Amino acid sequence: MHSASSLDLSPLVRAVGRALPPHYASQEQLIRAFRELWAKKHFNLERLEELHRAVNVSGRFLALPIDEYPPLVSFQQRNDAWTRSAVELGEQVVRQALDKAGLTPKDVDHVFFVTVTGLAVPSIEARLANRLGFREDVKRSPLFGLGCVAGAAGVARAVDYLRAYPKHTALVLSVELCSLTLQREDLSIPNIIASGLFGDGAACAVLQGAEAKAPGPRVVASRAVLYPDTERIMGWDIVDTGFKVVLSAKVPQLVRENVRANVDGFLGAHGLKRSDIRHWVAHTGGPKVLEAFAESLELPRPALARSWASLKEVGNLSSASVLFVLGETMESQEPQPGDWGVMMAMGPGFCAELVLLRW
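These figures come from a predicted structure and were not determined experimentally. (Residues numbered from 1 in each chain as written. Predicted model: local features only at pLDDT ≥ 70, side-chain atom pairs only at ≥ 80, totals over all residues. Heavy atoms only, no water.)

### Points about the state of the cysteines
Stated formally: The definition used for a disulfide is geometric: two cysteine sulfur atoms within 2.5 Å. The cut-offs for exposure are 20% and 50% of the maximum accessible area for each residue type, with area from a 1.4 Å probe on protein chains only; residues under the lower value are buried, those over the upper are exposed, and the others partly exposed.
Tallied over the entire structure, the rule returns zero disulfides. Among the cysteines around Cys-148, which has no disulfide bond, Cys-178 carries the closest sulfur, lying 7.5 Å off. As a non-bridged cysteine, Cys-204 has Cys-178 as the owner of its nearest cysteine sulfur, 18 Å distant. Its relative accessible area of 0% is what places Cys-204 among the buried residues.

### Let's talk about the domain arrangement of the chain
Cut-off, in case you're wondering: Domain boundaries shown here were taken from an automatic or database domain assignment. Residues are treated as being in contact if the distance between any of their heavy atoms lies within 4.5 Å. Accessible area that two parts lose when put together, evaluated with a 1.4 Å probe and summed over both, is termed the buried area. One speaks of a salt bridge when a side-chain nitrogen belonging to Lys or Arg is within 4 Å of a carboxyl oxygen belonging to Asp or Glu.
Each domain of the chain was delimited in the assignment, giving domain 1 (13–208) and domain 2 (216–358). One C-alpha centre belongs to domain 1, the other to domain 2, and the line joining them spans 18 Å. Each side of the interface is counted separately: domain 1 has 59 residues, and domain 2 has 47 residues. The contact between domain 1 and domain 2 buries some 3900 Å² in all, and 66% of this surface belongs to carbon and sulfur atoms. When residues of domain 1 are sorted by the area they lose upon contact with domain 2, Val-13, Arg-18 and Cys-148 head the list and together hold 17% of the total. Inspection of the domain 1/domain 2 interface yields three salt bridges.

### Topic: the UniProt feature "active site" (unreviewed entry) in the chain
Worth spelling out the cut-off: UniProt positions are given in the numbering used here, feature names are shortened, and annotations may be inferred rather than shown by experiment. Put simply, DSSP H or I for four residues or longer makes a helix, DSSP E for two residues or longer makes a strand, and each gets a number counted from the N terminus.
Here the UniProt feature "active site" (unreviewed entry) sits at Cys-148. Mapping Cys-148 onto the fold places it in the loop between strand E5 (139–144) and helix H6 (150–164). In this view, Cys-148 contacts Phe-198, His-283, Asn-316, Ser-318, Ser-319, Ala-345, Met-346, Gly-347 and Pro-348; residues no more than four positions away in its chain are not counted.

### Digging into the packing of helix H9 (residues 287–297) against helix H10 (residues 305–314)
Worth spelling out the cut-off: What counts as an axis is a line fitted to C-alpha atoms, over the stretch in contact for a helix, and the angles between N-to-C directions run from 0 to 180 degrees. Angular relationships are summarised with four words: roughly parallel below 35 degrees, roughly antiparallel beyond 145, roughly perpendicular across 65 to 115, and oblique for the angles in between.
Taken N-terminus to C-terminus, the directions of H9 and H10 make an angle of 175 degrees; their axes are 11 Å apart at the nearest point. As far as their axial angle goes, H10 and H9 are roughly antiparallel. Of the residues in H10, those touching H9 at Pro-287, Leu-290 and Glu-291 are Ser-307, Trp-308 and Leu-311.

### Section: the packing of aromatic side chains
We apply this condition: In summary, the pairing rule links any two rings of Phe, Tyr or Trp, Trp by its six-membered ring, whose centres are within 6.5 Å, and it sorts them by plane angle into stacked for under 30 degrees, edge-to-face for over 60 and tilted for everything else.
Scanning all chains against the criterion turns up seven aromatic pairs. For the pair Phe-112 and Tyr-161, a centre-to-centre distance of 6.3 Å together with 65 degrees between the ring planes defines the contact as edge-to-face. Here Phe-112 is found in strand E4 (residues 110–115), whereas its partner Tyr-161 is found in helix H6, with 49 residues between them in sequence. Exposure class is identical for Phe-112 and Tyr-161. Each is buried. When the ring of Tyr-227 is compared with that of Phe-350, the centres are 6.1 Å apart and the planes differ by 25 degrees; the resulting orientation is stacked.

### As for the layout of surface pockets
Convention followed: Definitions used throughout: a 1 Å grid over protein atoms alone; a cavity as a set of points that fits a 1.4 Å probe which cannot get out; a pocket as an open set with protein on both sides within 12 Å along at least five of seven lines; a lining residue as one with an atom within 4 Å of a point. Grid points are joined across faces, edges and corners, and a volume is the space filled by probe spheres set on the points. Gly is put with the polar residues, along with every residue not named as nonpolar or charged; the nonpolar set is Ala, Val, Leu, Ile, Met, Phe, Trp, Tyr, Cys and Pro, and the charged set is Asp, Glu, Lys and Arg.
As a volume, the largest pocket reaches approximately 980 Å³. The wall of the largest pocket is formed by 44 residues, among which Phe-34, Ser-179, Leu-182, Gln-183 and Arg-184 lie closest to the centre. Those elements that place two or more of their residues in the lining of the largest pocket are helix H2 (27–39), strand E3 (59–62), helix H7 (189–197), strand E9 (234–239) and strand E10 (242–247). Split by residue class, the lining of the largest pocket holds 25 nonpolar, 10 polar and nine charged. Split by domain, the lining of the largest pocket shows at least three residues from each of two domains, domain 1 (13–208) and domain 2 (216–358). Here the second largest pocket defines a volume of roughly 610 Å³. Contributing elements (two or more residues each) for the lining of the second largest pocket: helix H3 (45–54), H7, helix H8 (251–268) and H9. Taken together, the residues of the lining of the second largest pocket break down into 19 nonpolar, five polar and three charged.

### Here's the deal with the pattern of salt bridges
Overall, the coordinates contain 16 salt bridges when judged by the stated rule. Here Asp-264 makes a salt bridge to Arg-274, at a shortest N to O gap of 2.7 Å. Remark: Arg-274 occurs in the loop between H8 and strand E11 (277–282) and Asp-264 occurs in helix H8; sequence separation between them is 10 residues. Classification of Asp-264 as partly exposed rests on a relative accessible area of 31%. You can call Arg-274 buried: its relative accessible area is 19%. Ionic contacts of the salt-bridge type, sharing partners, join the residues Arg-18, Lys-100 and Glu-331 into one network.

### Quick notes on the packing of H6 against helix H11 (residues 319–331)
Two numbers describe how H6 lies on H11: the axes approach to 6 Å, and their chain directions differ by 70 degrees. With respect to H11, the axis of H6 lies roughly perpendicular. Between H6, through Ala-150, Gly-151, Ala-152 and Val-155, and H11, the contact on the second element is made entirely by Ser-319, Val-322 and Leu-323. Its residues placed into classes, the contact of H6 with H11 shows five nonpolar, two polar and no charged.

What follows is the structure in structure tokens.
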């Protein structure tokens with residue numbers, strides 16, 4: 001087990017900001033819009049509705065008003081809209097997170113920016129540096145391509161950095177605008193499922209090195225797991241019209257086959273077992289993924305209640321989802337001093353990231 005002195009050497013999460021775009025559409029509104037779009041192609045509209053309702057999402061927030069999507073026909077148009085919206089939402093969530101932590105942009109030493117839904121060079125955190133007033137010596141690590149796992153992986157990589165610089169402050173900023181990746185000509189089942197599951201949102205975690213004497217869970221350890229020969233399980237095919245989703249039905253099976261051993265091995269290395277964990281912070285991958293998490297780890301449904309609620313209320317926000325659940329857990333009255341938690345997410349690679357927390 002970890003001693004008090006070893007825990008004091010661990011970086012901590014000070015606060016998590018969360019932001020959603022201002023435009024909301026219920027799942028029924030979205031189904032009507034997709035019926036109109038795909039009816040002309042003689043698509044099985046009943047199957048569309050069945051797939052959308054099966055993902056347990058009641059509605060989603062969108063980067064743009066729903067009537068502004070049809071004119072965006074090219075990858076450039078959608079990506080330009082992504083860049084504009086990502087800067088606006090990113091600024092909002094960074095300000096919120098820093099305010100919660102009682103810090104300012106001048107206090108930030110390193111920004112880890114994660115996304116998988118758009119491309120910008122200079123990247124979003126560089127554009128935010130000018131708007132927010134980061135110091136000129138701020139370090140930047142834009143990470144593209146980790147997908148849904150990037151919220152947990154971004155925290156783990158920021159903690160790796162903070163172990164070397166225990167006086168520093170780091171941000172993990174996630175902006176995911178999944179609605180701007182939709183491929184309207186793709187009538188594949190994976191694209192139909194993605195059109196019903198993924199939403200837009202942003203999150204920002206403020207982390208500080210071990211020398212910060214402040215409230216918040218300590219990040220004791222992390223572990224990455226890369227599963228061999230699984231490149232086609234999840235990801236994008238980059239095509240002329242942008243990001244075409246790759247989403248295999250094998251994802252829940254991979255969870256069932258691997259997660260228990262991954263988690264048990266990770267916890268065992270730190271003298272812990274699953275029964276020691278009071279807080280499970282799981283990525284909202286979809287109903288089948290959450291069911292597979294619960295089944296594999298032998299968790300009662302209440303253990304993943306926040307993940308289920310977030311999925312229903314806003315959809316899967318890719319890398320931002322697990323940070324939403326982390327923020328909600330931290331701001332609840334449930335965690336008590338000494339409690340253990342595990343943050344976990346999976347994504348393209350195919351891979352998993354596990355993060356051990358101690359309140």
